[in-house]
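The residues making up each chain are set out below.
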Amino acid sequence: MRELQTYSNIVVLTGAGISAESGLKTFRDNDGLWEGHRVEDVATPEAFLRSPATVHRFYNMRRQQLIKEAEPNAAHAALAKFEEQFQGQYLLVTQNVDDLHERAGSKKLIHMHGELRKAWCTCCDETFTWEKELTTETGCPSCDQSGYMRPNIVWFGEIPYQIDEIQTRLLECDLFVSIGTSGNVYPAAGFVQFARSTGADTLELNLEPSLGNQHFLVSVQGKATDLVPQYFKL
Ligand code: APR
């Protein structure tokens, strides 16, 4: 594996593992429960139809935790600094709905699973920066209708944001790096194969081997705050 600065076009994918050391729980390391909830009860369109108040409560708590308790860590900071100094093309794609990458200074960033600090009105299709609680009665600041606001989160069974742009960039890159993701959820779990199909080198940095571990040219196990600053330096 060459030094990162010798590549000309890098795509990085991050998952919950990069924010774990900022105090945000990952999804699959607690008997399959996410903060005490089954993912199907809080992170699907069906759950929102069935029990919108429960889903709102869950994301309200996640949003407050993110705003009040979480800070970017050394891994987020290393990626932001790398982006600033790297001469080639660079794109960071995150599955995380937290805003720790942008708080650390990352700019070229796609939130493929949405953003906790945004709300979406499904009546007029506007999205808004959102710090407060959302409820079933919350009115839309734009169209004024109540009952249509939801967290701007891509739930299971929904199509991730900017997937065409991501796929184009994966086919163009000469290095794909996956950080802190278990490889359980598609399409992100398939990005490594996309990048490899046009000859890119592929690197995985994760606490443990991911499900798609065998597709990576190099796979290194360790904590994100140790490995990311080590690899992403110029
Ligand atoms: N450093 C590096 N990796 C870590 C660390 C750490 N400190 N702590 C945990 N990990 C790794 C775990 O070993 C695991 O492989 O992070 C991964 C987290 O996996 P998941 O909990 O499955 O999270 P992720 O892969 O991001 O989930 C993908 O699934 O629930 C949906 O939409 C949600 O975006 C999420 C998607």
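Let us look at the structure shown here. The numbers attached to residues start from 1 for each chain and follow its sequence in the written order. Residues qualify for local features only when their pLDDT is at least 70, as the model is predicted, and side-chain atom pairs are given and counted only at 80 or more; totals for whole chains, interfaces and linings, by contrast, use all residues. In computing side-chain values, all of the structure's heavy atoms are included and hydrogens and water are not.

## Remarks on the overall build of the protein chain
Labels follow the DSSP assignment, with helices taken as runs of H or I lasting at least four residues and strands as runs of E lasting at least two, numbered in each case from the N terminus. In terms of regular secondary structure, the protein chain is built from nine helices and eleven strands. For 234 residues, the compact-globule estimate of 2.2 N^0.38 gives 17 Å, and the C-alpha radius of gyration of the protein chain, at 18 Å, lies within 12% of that figure. Across its three principal directions, the C-alpha atoms of the protein chain cover 55 × 35 × 30 Å. Taken across its 234 residues, the protein chain has 49% of its residues classed as buried. Within the protein chain, contacts between residues at least 6 apart in sequence are counted, and of these 64% link residues at least 24 apart. Positive and negative side-chain charges in the protein chain, numbering 21 and 31 respectively, have mean positions lying 2 Å apart. Based on C-alpha atoms, the radius of gyration is set beside the globule rule, defined as 2.2 Å times the residue count to the power 0.38. Think of it in three bands: with a 1.4 Å probe and only protein chains considered, a residue is buried below 20% of the maximum accessible area for its type, exposed above 50%, and partly exposed in between. In what follows, a contact means two residues having at least one pair of non-hydrogen atoms within 4.5 Å. Neither His nor the chain termini are counted; the positive set is Lys and Arg, and the negative set is Asp and Glu. A charged residue contributes its charge at one atom only: NZ of Lys, CZ of Arg, CG of Asp or CD of Glu.

## Points about the site of the ligand
Of all residues adjacent to the ligand, which total 21 residues, the nearest are Ala-16, Phe-27, Arg-28, Thr-181 and Ser-182. For the ligand, a nitrogen atom lies 3.2 Å from a polar atom in the backbone of Leu-207. The Shrake-Rupley method, run with a 1.4 Å probe, gives the accessible areas here. Residue values count only the displayed protein chains as cover. Protein chains shield 93% of the accessible area of the ligand, which is 740 Å² for the free molecule. Residue polarity is assigned by list, with Asp, Glu, Lys and Arg as charged and Ala, Val, Leu, Ile, Met, Phe, Trp, Tyr, Cys and Pro as nonpolar; anything else, Gly included, falls into the polar class. A breakdown of the residues in the shell around the ligand according to their chemical character gives seven nonpolar, ten polar and four charged. It suffices for a single heavy atom of a residue to lie within 4 Å of a molecule or strand for the residue to be listed as near it. Pairs of N or O atoms are called polar contacts if they sit within 3.5 Å, as long as, within protein, a hydrogen donor faces a hydrogen acceptor (for residues adjacent in sequence, only side-chain-to-side-chain pairs).

## Some remarks on the packing of helix α5 (residues 74-85) against helix α9 (residues 224-231)
In contact at an axis separation of 8 Å, α5 and α9 are set at 15° when each is read in the N-to-C sense. On the basis of the axis angle, α5 is roughly parallel to α9. In the crossing of α5 with α9, the sense of the turn from one axis to the other is left-handed. Counted together, Ala-74, Ala-75, Ala-78 and Leu-79 of α5 and Ala-224, Thr-225, Val-228 and Pro-229 of α9 form the full contact between these two elements. Among the residues making up the contact of α5 with α9, the classes are represented as seven nonpolar, one polar and no charged. Convention adopted: a line fitted to C-alpha atoms gives each axis, helices being fitted over their contacting stretch, and angles between N-to-C directions are expressed from 0 to 180 degrees. Reported orientations rely on four angle classes, namely roughly parallel under 35 degrees, roughly antiparallel over 145, roughly perpendicular from 65 to 115, and oblique for the rest. Each crossing is labelled by how the near helix is turned from the far one, with a counterclockwise turn of less than a right angle marking it left-handed and a clockwise turn marking it right-handed.

## Regarding the pattern of salt bridges
Salt bridges are counted wherever a side-chain nitrogen of Lys or Arg sits within 4 Å of a carboxyl oxygen of Asp or Glu. Inspection of the entire model under this criterion finds eight salt bridges. Between Arg-103 and Asp-99 there is a salt bridge; the shortest N-O distance is 3.1 Å. When the shortest N-O distance is used, the salt bridge between Lys-118 and Glu-115 registers 3.2 Å. Of the residues examined, Lys-118 reaches a relative accessible area of 25% and is grouped as partly exposed. Because the salt bridges share partners, they merge into one network encompassing Asp-99, Arg-103, Arg-117 and Glu-131.

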